[in-house]
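What the coordinates show
For reference, the chains in residue letters:
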Amino acid sequence: MKYFSLNDKNHKVSFEDAVVRGLAPGKALYFPEEIPDLPKAFFQKLNKLPKEEIAFEAIQPFVGEEIDKNGLQEILKKTLDFEFPVVQISETIGTLELFHGPTLAFKDVGAGFMAGCLGHFVKKGNLGKITVLVATSGDTGGAVANGFLGVEGIDVVILYPKGKVSEIQEKQLTTLGQNITALEVNGNFDDCQDMVKKAFSDEDISDKRQLTSANSINVARWLPQMFYYFFAYKQLAGKQQKLAFSVPSGNFGNICAGMLAKKMGLPIDHFIASNNENNVVTRYLQSQEYSPKPSVQTISNAMDVGNPSNFVRILELFKGEFNPLSQQLSSYSFSDVETRKAIKEVKDKYNYVMDPHGAVGYLGLQQFLIENNDYYGTFLETAHPVKFLKTVEDVIEEKVGIPASIKEAMNKEKKSIEISDYSELKEYLMQ
Ligand SMILES: *Cc1c(COP(=O)(O)O)cnc(C)c1O
């Protein structure tokens, strides 16, 4: 499979190049040249297949011959080493829990798969040593650190803003050791991001190290997110109603992967992009005008994105045509007040504890089902409520149980290097 640049259809690269480079020239996104049609027989027997096999069938056409069958199976086995259950909330609503991975957020799958692919390409031998440099506001760092831990030939350097990530998130970044280094930046997330960007265009550094990024625009982080929808379908296949999925969306990678799965033949009828007050897509579907705004801070902070990078990929799926897109996609936006109220309501009524992101997904689904009563709806629960402990406990007025894996990380010793400006980052990278 070849990947082309969404800025220039003539710029085409292999899967390996798209993964190693991350972005096409001019900061454009890569997109697969063809979207495979999976055979009907595959969907008919899907509920009898193990998840690793489903994932293999779905992703193999995108990887092609660049990773052999055994190699790809190995990567998938390691990446998908936990469960993806659909939990019934009410008669017409279920939630797909994506938080059973090592860092308790859905980004574990994308990060693990990307680490597996990059590790495979480095091992094959013609790349040399690679440094993954990434800035995080919280969840990405932990997932990337975990995914790349112990992968030979790859060093990971994570920048995070001192005092601005949760205690759990900080422990997930700073206690792993081995090939993972955490740089604690005296500044905010934007400062971290700026330093990373500067390093990527600094020739002194690129003479010395081969840098790559691991954020969500990389095809190896984006594509494997389609697995969630296949795994959910496997559990929902007996339903008589039409199927809708509500996806709490920030950078729109997750929902875009779901829409890709539909295009490959997965029988999903409708998608709902659930937004917090960062609602550029909700407004687009109302007005046909795409007008990004600077992001505002909310309690579902992983979705505080003013201008979602992956929306251009959704447009590409529909060749830029508004009508077919708007028939398949609805979008709603909710305030923090509404989000808190939903967490409380669902706990009281169904005894289920949602995190703030999942709660936004629930609200979007609820709204859609009011207008469309012939659907069964699934909302994606993208993080464990323990990752947003204070918000959730304040709302439900109860303690949330802390999983064993988190307790273990909380007891480990934090190791980080404090830096204050770009020269200190450069000094570290030039060693
Ligand atoms: C990253 C993230 C999201 C948003 O996902 P996108 O693919 O960027 O839309 C939602 N919830 C949580 C918990 C996240 O970490």
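For the structure itself, look to the data block above.
Nothing here was measured: the structure is a model prediction, and the numbers come from that model.

Attention shifts here to the site of the ligand. Taken together, 15 residues lie around the ligand, and Lys107, Gly250, Asn251, Phe252 and Thr382 are the ones closest in. Here glycine 250 contributes a backbone N or O atom positioned 2.8 Å from an oxygen atom of the ligand. Threonine 382 places a polar side-chain atom, nitrogen or oxygen, 2.8 Å from a nitrogen atom of the ligand. A class-by-class count of the residues in the shell around the ligand yields 6 nonpolar, 7 polar and 2 charged.

On to the sheet that holds strand S5 (residues 93-97), then. Strands belonging to one sheet form pairs held by backbone hydrogen bonds; the direction of such a pair is parallel or antiparallel. Pairing in this open sheet of 6 strands is mixed, and the strands run S4-S5-S13-S10-S11-S12 from one edge to the other. Because the sheet does not close on itself, it has two edges, and the strands there are strand S4 (86-88) and strand S12 (329-333). If you compare each strand with its neighbour and ignore which way they point, the axes differ by 25° on average. Two elements, strand S11 (residues 270-275) and S12, share 5 bridges in a ladder whose sense is parallel. Looking across to S12, one finds that serine 274 is bridged to tyrosine 332. Contacting S4, S5, strand S10 (242-248), S11 and strand S13 (375-381), helix H11 (residues 227-236) runs over the sheet at an angle of about 140° to S10.

Moving on, we get to the nonpolar core. Judged by nonpolar contacts, the single largest core of 102 residues is most densely connected at Phe15, Phe113, Phe148, Met226, Phe227 and Phe230. Sort the elements by how many residues they give to this core and helix H5 (residues 107-124) lands first, with 9 residues. The next biggest cluster of nonpolar side chains, apart from the first, holds 32 residues, and it includes Met303, Phe388, Val392 and Val400.

With a phi angle near 50°, glutamine 178 is a residue other than glycine that sits in the positive phi range. Assignment of secondary structure puts glutamine 178 in the loop between helix H7 (167-174) and strand S8 (180-185). By relative accessible area, glutamine 178 is classed as exposed at 66%.

As a further point, take H11. Along H11, 8 of the 10 residues are buried, which leaves the element largely enclosed by surrounding structure. Burial in H11 covers these residues: Phe227, Tyr228, Tyr229, Phe230, Phe231, Ala232, Tyr233 and Leu236.

What follows concerns the packing of aromatic side chains. For the structure on display, the rule yields 21 aromatic pairs. When the ring of tyrosine 284 is compared with that of tyrosine 290, the centres are 6.1 Å apart and the planes differ by 75°; the resulting orientation is edge-to-face. Classification of tyrosine 290 by relative accessible area gives partly exposed; the value is 30%. Among the aromatic residues, ring-to-ring pairing joins Phe82, Phe84, Phe106, Phe227, Tyr228 and Phe231 into one connected group. Sitting above the plane of the tyrosine 376 ring, lysine 239 keeps its charged end 4.4 Å from the centroid.

Across the interface, helix H3 (residues 51-63) lies against H11 with an axial gap of 10 Å and an inter-helix angle of 130°. Between H3 and H11, the interaxial angle falls into the category oblique. Judged by the twist between their axes, the crossing of H3 over H11 is right-handed. Between H3 and H11, the contacting residues are Lys51, Ile54, Ala55, Ala58 and Ile59 on the first element and Phe227, Phe230, Phe231 and Lys234 on the second. Tallied by class, the residues present in the contact of H3 with H11 amount to 7 nonpolar, no polar and 2 charged.

Rules used in this analysis
- Residues numbered from 1 in each chain as written.
- Predicted model: local features only at pLDDT ≥ 70, side-chain atom pairs only at ≥ 80, totals over all residues.
- Heavy atoms only, no water.
- Near = heavy atom within 4 Å.
- Polar contact = N/O pair within 3.5 Å; in protein donor to acceptor, adjacent residues only side chain to side chain.
- Nonpolar A, V, L, I, M, F, W, Y, C, P; charged D, E, K, R; others polar.
- Pairing = 2+ DSSP bridges.
- Helix = DSSP H or I, 4+ residues; strand = E, 2+ residues; numbered from the N terminus.
- Axes fitted to C-alpha atoms, helices over the stretch in contact; angles between N-to-C directions.
- Contact = heavy atoms within 4.5 Å.
- Core = buried A, V, L, I, M, F, W, Y, C linked by side-chain atoms within 4.5 Å.
- Buried < 20%, exposed > 50% of the residue type's maximum accessible area, 1.4 Å probe, protein only.
- Phe/Tyr/Trp six-rings, centres within 6.5 Å; stacked < 30°, edge-to-face > 60°.
- Lys NZ or Arg CZ within 6 Å of the ring centre and 35° of its normal.
- Parallel < 35°, antiparallel > 145°, perpendicular 65-115°, else oblique.
- Left-handed = near helix turned anticlockwise from the far one by under 90°.

The quantities given are spatial measurements derived from coordinates; they are silent on function.
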